[in-house]
Amino acid sequence: MSKSKKKPVKKTDVKKKKQFPVKKIVIAAVAAAAVAALVVFLVMKTNEDNAKRELKNTTWISMSALNASGDEVDIRQVYNNKYTTYKGTLSFDDGNKFELWLSQGDPSDGTHSGTYELKEDKISVKFDDGTENDFNIHRKDGKIAQIDVFYGEYTVRFFPE
């Protein structure tokens, strides 16, 4: 009997596929989302702080008004008086308080006050009597140029003094 030598079986080189790094991609995506959220928050906070600085210690004067149909009306019609120089005022202090004077007569008679919170496109106000409202903001070149206040059936437009 002859002994035959067994030929060694050649192992074929099977290359393992590299696994897709899902874990790393998920971690990178979560980190990128967190960084993006932080950037958005900081930009919004900076804009809000800038706008608050813009309102601090300012007085705004009513210069025009719109009726319910959106047509421009004489400001004297809104206040129901004949004085050509009469103007309402809206003022903000160095904190978060405001005063709004819209009625004719002595300012102490028709002054409404309260607190405000500046949002991106409006000022949310809470009057001392508990009622709440929003004043719309119009910007020009990134700065507040006009504030609209709803007064009865009118929208009174206030501009910087």
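Here we summarise the structure given alongside this text. Every chain begins its residue count from 1, and numbering advances along the sequence as written. Confidence filtering applies because this is a predicted model: local features only for residues at pLDDT of at least 70, side-chain atom pairs given and counted only at 80 or more, and all residues used for totals across whole chains, interfaces and linings. Calculated side-chain values reflect all of the structure's heavy atoms, with hydrogen atoms and water omitted.

1. Topic: the nonpolar core
Moving on, step 1. In plain words, nonpolar cores are sets of buried Ala, Val, Leu, Ile, Met, Phe, Trp, Tyr and Cys residues tied together by side-chain atoms within 4.5 Å. Here's how the labels work: a residue is buried when its accessible area is under 20% of the maximum for its type, exposed when over 50%, partly exposed in between, all with a 1.4 Å probe on protein chains only. Membership of the largest hydrophobic core comes to 25 residues, with the highest contact counts inside it found for L90, I123, F135 and I147.
Moving on, step 2. When near neighbours in sequence (up to four residues on either side) are disregarded, F135 contacts L90, F98, L100, K122, I123, V125, F127, I147, D148 and V149. Here, two residues are considered to be in contact whenever any of their heavy atoms come within 4.5 Å of each other.

2. Details of the packing of aromatic side chains
Moving on, step 1. Classification of ring pairs uses Phe, Tyr and Trp, with its six-membered ring standing for Trp, and accepts pairs whose centres are within 6.5 Å; under 30 degrees between planes counts as stacked, over 60 as edge-to-face, and the remaining range as tilted. Within this structure, the stated rule accounts for three aromatic pairs.
Moving on, step 2. When the centroid spacing of 5.9 Å and the interplanar angle of 85° are considered together, the rings of F98 and F135 count as edge-to-face. Here the residue F98 occupies a position in strand β4 (residues 97-101), and F135 occupies one in strand β7 (residues 132-140), the gap between them amounting to 37 residues. No difference in accessibility class separates F98 from F135, as the two residues are buried.
Moving on, step 3. An aromatic cluster is built from F98, F127 and F135, whose rings are joined through pairwise contacts. Comment: elements are numbered from the N terminus, with helices defined as DSSP H or I runs of at least four residues and strands as E runs of at least two.

3. Things to note about the pairing of strand β9 (residues 154-160)
Moving on, step 1. As judged from the six bridges shared by strand β1 (residues 58-66) and β9, these two strands associate in the antiparallel manner. Bridging from a neighbouring strand, W60 pairs with P160 of β9.
Moving on, step 2. With five bridges joining them, strand β8 (residues 143-151) and β9 adopt antiparallel strand pairing. Directly across from V149, in β9, lies its bridge partner V156.
Moving on, step 3. Here, a strand pair is defined by DSSP locating no fewer than two bridges between the strands. From the end of β8 to the start of β9, which pair antiparallel, there are two residues, and G152 there has a positive phi angle of about 65°.

4. What to know about the pairing of β4
Moving on, step 1. Relative to β4, strand β3 (residues 89-92) runs antiparallel, the two being bridged by four bridges. Bridge pairing in β4 links S91 to E99.
Moving on, step 2. What sits between β3 and β4 in their antiparallel hairpin is a turn of four residues.
Moving on, step 3. Looking at chain direction, β4 and strand β5 (residues 111-118) are connected through five bridges and run antiparallel. Residue pairing across strands places K97 opposite T115, the latter belonging to β5.

5. Notes on the side chain of S124
Moving on, step 1. Positionally, S124 belongs in strand β6 (residues 122-127).
Moving on, step 2. Taking the relative accessible area as the measure of exposure, S124 reaches 17% and is therefore buried.
Moving on, step 3. Each polar contact in these results corresponds to two N or O atoms within 3.5 Å; when the atoms are within protein, one needs to be able to donate a hydrogen and the other to accept it, and residues that are neighboring in sequence are counted only if both atoms are side-chain atoms. Within the structure, the side chain of S124 is placed 3.0 Å from the side chain of D134, a separation counted as a polar contact.
Moving on, step 4. Each residue touching S124, except ones within four places of it in the same chain, is listed here: T115, Y116, E117, K119, N133 and D134.

6. A short note on the environment of Q146
Moving on, step 1. By the element assignment, Q146 lies in strand β8.
Moving on, step 2. Of the residues examined, Q146 reaches a relative accessible area of 13% and is grouped as buried.
Moving on, step 3. Between the alpha carbons of Q146 and F159 there is a distance of 5.0 Å; along the sequence they are 13 residues apart.
Moving on, step 4. Once you skip the residues sitting within four places of it in the chain, Q146 turns out to touch W60, N136, I137, H138, R157, F158 and F159.
Moving on, step 5. At 2.7 Å, the side chain of Q146 and the side chain of D148 are in polar contact.

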